[in-house]
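Below, each chain spelled out in residue letters.
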Amino acid sequence: MTTIIRYTALLFITIILSSCYSDEPESPAKMPLVIEGWIENGEAPIVMVTHAVDLTKPSASFDGFVEKWSRVSIFDGDKQYILTGRIDKNYTPDFIFTSSKLKGEVGHTYRLLVETETDTAEAVATILPPPALLPLTVKPAPGCDTLYTICATIDGAADENGYYKFFARSDKTESRFYASYLGTFTGAEYNRAGEWQISRGVHSTYSDDDFEHFYHSGDRVTVKLCALQTSVYDFWSTYDKSVGISNNLFFSFATNCPSNIRGGLGYWAAYGHTRRTVRIP
């Protein structure tokens, strides 16, 4: 029996801890295929493909588990888009598959197909109508006059049967969006709260010592709210809970994250998203 844990300083290399230690070097081809991918309305797809990593066995580097020669396709109905692989230092791993010819559209269903020499993985996701956001509000952090929190409010009531997730990006320190800490919720949860506090996302530029959930004066922050399908909500909700109870911001040990990938691990998400930007005074 193996236990899968998530390396949260940028999803998504999956790490497997075996019950017995072996000195035999691990072959990436023997490990499960791991997919982290998404497409949003108006945006090009991003897909990262790796193999799981067993930390109990010798390994030259994580680079050896990145699948750079995968054939990655996305189908929009009968139309096939073959994604191109390239280096992008904004992501970890820093090799992504994308296509400038494909932009997500609300209501479209996208089938992801990943083919390697040893594995085939696929998943299907549909972009739901994006929720509307009111202008963001900024409030001083509790007990501190130099840090601030951002609150987001959905324009109108959230769909009680809907699923949502916040992402955020600080223009001063971040070049991409990161999942807001504990930012996954249902419409029923939101309707009781009335607004949602946006916490800074966890990623590899931070250590346990210098990470903080709040924002500084002068930050210009863009918040993205996404409507999710159930399978992707299950992944992110489990991920949030696992990070929250692990007592470690960068390694999550509690449980495996559910996956909508057939033939692998990870997730393929279609996000119906809306963005708002605010400057911290």
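Novice: Before we go on, may I ask you to explain the sheet that holds strand S7 (residues 79-82) in this structure?
Specialist: Pairing between sheet strands relies on hydrogen bonds along the backbone, with the strands arranged either parallel or antiparallel. If you walk across this open sheet you meet the four strands as S7-S6-S10-S11, and the pairing is antiparallel. Only two strands of the sheet have a single neighbouring strand rather than two, namely S7 and strand S11 (120-126). Taking the axes of each pair of neighbouring strands and ignoring which way they run, one obtains an average angle of 20° across the sheet.

Novice: Just checking my understanding: could you explain the nonpolar core for this structure?
Specialist: Soluble globular proteins tend to bury their nonpolar side chains together. Counting 23 residues, the largest nonpolar core has Ile35, Val47, Val49, Val72, Leu112 and Trp268 as the members making the most contacts within it. With near-sequence residues (within four places) excluded, Val49 lies in contact with Leu33, Val34, Ile35, Phe65, Val66, Glu67, Ser70, Val72, Phe97 and Val114.

Novice: Just to check I follow, could you spell out the side chain of Glu67 for this structure?
Specialist: Counting through the fold element by element, Glu67 comes out in the loop between strand S5 (53-54) and strand S6 (71-76). It is Lys68 that comes nearest to the buried, bridge-free Glu67 among opposite-charge side chains, at 11 Å. Separated by 2.8 Å, the side chains of Glu67 and His51 make a polar contact. Sequence-distant contacts of Glu67, that is, excluding residues within four places in its chain, are made with Leu33, Val49, Thr50, His51, Phe97 and Thr116.

Thresholds, definitions, all that
- Residue numbering note: each chain is counted from 1, following its sequence as written.
- In keeping with the model being predicted, local features are shown solely for residues with a pLDDT of at least 70 and side-chain atom pairs are shown and tallied solely at 80 or more, while totals for entire chains, interfaces and linings include all residues.
- Remark: hydrogens and water are excluded; side-chain values derive from all non-hydrogen atoms of the structure.
- What makes two strands pair is DSSP finding at least two bridges between them.
- In this description a helix means any DSSP run of H or I spanning at least four residues, a strand means any run of E spanning at least two, and both kinds are numbered starting from the N terminus.
- Under this scheme, a helix contributes an axis fitted over its contacting stretch, all axes are lines through C-alpha atoms, and angles between N-to-C directions fall in the 0 to 180 degree range.
- Among the buried residues, those of types Ala, Val, Leu, Ile, Met, Phe, Trp, Tyr and Cys that are joined through side-chain atoms within 4.5 Å form a nonpolar core.
- For every residue, the accessible area (1.4 Å probe, protein chains only) is compared with the maximum for its type, and the residue is labelled buried under 20%, exposed over 50%, or partly exposed between those bounds.
- It only takes one pair of heavy atoms within 4.5 Å for two residues to be counted as in contact.
- In this charge count, Lys and Arg are treated as positive and Asp and Glu as negative; neither His nor the chain ends contribute.
- Counted as salt bridges are all cases of a side-chain nitrogen of Lys or Arg within 4 Å of a carboxyl oxygen of Asp or Glu.
- Pairs of N or O atoms are called polar contacts if they sit within 3.5 Å, as long as, within protein, a hydrogen donor faces a hydrogen acceptor (for residues adjacent in sequence, only side-chain-to-side-chain pairs).

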